[in-house]
Each structure stands twice: as structure tokens, then as C-alpha cells.
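# Inside the fold
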Amino acid sequence: MAGVSTNYDPATTAQALAQSFTSGRQSILTRQTTQATAAEKGLGTLGSALSTFQSSLATLTSLNKTLAASSAVFSDTGIASASATAAATAGTYSFFVEQVASAHKVSYSGLSDFAGGGSLTLGVGAGTFSVDLTTKATWTVRDLAAAINGATGNTSMSASVVTTGATSELVLTSTATGAANTITVASTGADASLAAKLDAAPNQLAPAKDAIVRIGSATGTAITQASNTLSVIDGVTMSISKAQTAGSAPVTLTVASDPAKTTSNVQAFVDAYNKLKSAIDGLVSPGDPASGGAVGAFAGDSGVRALRDRLVSMVRGTGATSLAGYGIIANREGTLSLDSSRLAKALAANPSGLDTLIGSASINTPSGIAGQLDTYLKVWTNSANGQINSRKEAVGKLQTALTTRQSALDKQYDSAYARYLAQFTQLQTVQSSMSYNTSLFDALFTSSKD
């Protein structure tokens, strides 16, 4: 009589049976968890791509910014420089820079340590602020400079210290240029030695002067202002940096369209759009087994596909006023490319047409294609009720539910494993006993026959 086999491991057997018991539900949970994780990552990618594109639109088309660019160049950039918006009228202008604006700068010499007490009232132009000198028993000049720089209400001057031998010199500099922005200092109840120095006339290191620019020539109409930045031509900002000597020829400012900058701006728009579309294409891709292309996180999501199709529809347009008329051409898939020759011809025929068509992504006054794109994308990116946040919340809830279900399934696995382990351990014990008894019987009957 053959013995009963006990040549198996109860733990391994129990593990296999427990896995078989939960494998169907585990497969479903694993698939759903993988999909939820991919959706979470995909939403991050989508949100980032949409926000980046909106930022690019704002940079290119927000208030006072246009794709069509103009340049403004002075004949002598050592005297002045300039920049222009597309609103600037092309032309040539002459100016004579008689004087540049400067900031008032004074110093008080012979200062030494002084006793605390009283206060100082300092000002630039009409504005003043106070420094309380009662907060310390003894002050150094560096303490005083620090107190001036940190004083509440001081937005008009800076203080520094220059040491000359055994004494220190307090240097005050106005933060604003212009003849009206002179520095004043007055003491009230301050240490006598300090008051004597500050109430006396300071050393004039640099005068407070206005900028004076004359139109056309050195004898032309004077433009006088406190700043060295002038906006006397619509769409043009001028910055003067050096006065001209008497008898010098006026500098010439040339304002003209800037085709190279315009093309660069349009290309930046094309690149920003294509980058967004490429990101969405990857997210909705069905995958390509032949080339190993991965399935996108939203391959079966009609909402994200509708987002992509809507964007393509907006930039494709129709008719003579479409982007294609300005060389911005969408292919069959909706990817844009730029024909710079067509762009140049269209701008020559209608210089303002491109900016009217593209419009602005400005928050207050959205217009044109840029405004349509930005307004539509806010349906997705709005932090309060946008699609991205709503979907993230839904995915988060799903992940929480999947985690709970996984925990429950893990407990079921552990319970099944424990049950099978106990059963097969007991069975192995019974089989071992039966095998032992069988061996005894075999030995007994074999002995009797002999």
C-alpha cells in the first residue's frame, strides 16, 4: 500500500489560492488606479500647457503690446535712446538735448558721535518725514544714516557715510530727479553739535536739475520736465542720458516699422500655439503599437478632444481676414506655420490689420483671436470653477475611493490566505498521520507474510 504524499507547502498553496480568489477584483482595481494616476498626471500637463500659452498671449498682446512692431532709433545713442509701440507714426524728428535731469545730492561734514534727543525733519521737495533721535543715548553717524534709510515714510532719499580722517561725512541723495526735488534737513531739540552741522548749509555735491530738450534745434521750443524719460511723441518713449555741447547739431530720431521684430513676434505666437497643440495631441493620442507610441491619458476623453478642436477652429478661421491672409497657415491637423513673405506683403497693404485680427488678451478689454482664445481657455483654467480644477477634484475623490477599495481587498486577501493556510496546514498534518499509519500497516503485513 502506497503512502499518502505530503510533499507540498501549505503557505505557497494558500498564497496561490488567495490570489486566485481576489485576482479578478484586483485586476479591475489595478486598471482603474493606473487610469486615475494617468489622468492626474495628464491634468497637470494640460493645466501647465494651457497656462503657459495664456501667459504667452498676455506677453504678446496685453495692454499697449501688439504683434506688429515699430522701432525708434536716435542718430547718437550716447545722447539718447528710444522705444516705440506699433501705434507710433513713422517719421523723422530732431531734438537738441540742452540739459539732463539730475538728483540733488548733499553732504554734511565734520560730524561725530552725538547725544540722543530731539528729532530731525527731512524732505525732498514737498514731502517730509521724521527721524526720532530719542531712541538711543548715544548716536554715531552710521546710526543716523541707518535711521534715515529705515524711517517710516522715507521713499524719497538715501543716506550713506563717508569717513574722512577722524570725522564722518553724511551723504544724502534724492531718489527723484528734477529741480523741485531738493533736499531739506531741519532739527528740533537735537544735540547742539549735530544741530550746528545740519542747520548750516550743506556741501552741494550734485544740483537738482530738470531735463531740457528743445525741438528741432538749440533754439527750438523747450520741453522741460523733472525726468529724463520723455513721452512727447505718441507711441514713443525717449530716454536722454547726456547733454549736448553748445553748437552741436541736433540728434535725429527715426521712427519706422520693424519687420524683423514683427516677424519674431508672430513666430513666437505660432510657436506658443503649436507647443500647446502638441501637448494636447499627446494627451488624446490613441497610441501606435507599430511605432511604440503610448496611449494618451485622455485618449477616450471627448471633452479634451473638443478643447483641441475648438482651438484649431479659432486659429484656422475663414475668409480674407483669417490668419492665413497674414501668412499664419494651419495645416490639416491644425498645426500653424509662418510664411514671412506673405506676412510682409499683407502688412505693407494693411499695417494695422494683423493687430486688429489678433487683438488682445487683456483682462479688461479682450478682443480678436487672442481675446477669444484666452476667454475660452479660462473655462478650463479658472481657479474657482475651471474644468482643470473640477476634474482634479473628481480624480482625487476617485483615488480616495480606490484606496479604500484596495484596503478592503487587501483585508479579504489576508483573510483568505489565513483560512487556506490553516486548512492546508491541518490537511498536511492529517496526511502525515495517515502516511505514518500506512507505513506501519505495510511493515506489519510484510512481516506476517515472511
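Look up a bit, the structure's there.
Residues numbered from 1 in each chain as written. Predicted model: local features only at pLDDT ≥ 70, side-chain atom pairs only at ≥ 80, totals over all residues. Heavy atoms only, no water.

## Some details on the sheet that holds strand E6 (residues 119-124)
Strand order in the open sheet formed by three strands is E7-E6-E11, with antiparallel pairing between adjacent strands. Since the sheet does not close on itself, it has two edges, and those belong to strand E7 (127-132) and strand E11 (183-188), each with one partner. Recorded for the sheet is a direction-independent mean angle of 20° between the axes of neighbouring strands. Looking at chain direction, E6 and E11 are connected through six bridges and run antiparallel. Within E11, the position partnered with threonine 121 by the bridge is alanine 186. (Pairing = 2+ DSSP bridges. Helix = DSSP H or I, 4+ residues; strand = E, 2+ residues; numbered from the N terminus. Axes fitted to C-alpha atoms, helices over the stretch in contact; angles between N-to-C directions.)

## Overview of the nonpolar core
Counting residues in hydrophobic clusters, the biggest one holds 46 residues, and the most contacted among them are Leu46, Phe269, Leu307, Leu311, Leu354 and Leu373. Ranked by residues supplied to this core, first place goes to helix H4 (residues 259-284) with nine residues. Dropping the residues within four chain positions of it, leucine 373 is found in contact with Phe53, Leu57, Phe269, Leu311, Met314 and Val315. Val106, Tyr108, Ala159 and Leu198 belong to the second-largest nonpolar core, a separate cluster that totals 25 residues. (Core = buried A, V, L, I, M, F, W, Y, C linked by side-chain atoms within 4.5 Å. Buried < 20%, exposed > 50% of the residue type's maximum accessible area, 1.4 Å probe, protein only. Contact = heavy atoms within 4.5 Å.)

## Digging into the side chain of asparagine 265
Along the chain, asparagine 265 falls in helix H4. Looking at asparagine 265, its side chain comes within polar contact range of the main-chain oxygen of leucine 67, at 3.0 Å. Those residues in contact with asparagine 265 that sit more than four places away from it in its chain are Leu60, Thr66, Leu67 and Ala69. (Polar contact = N/O pair within 3.5 Å; in protein donor to acceptor, adjacent residues only side chain to side chain.)

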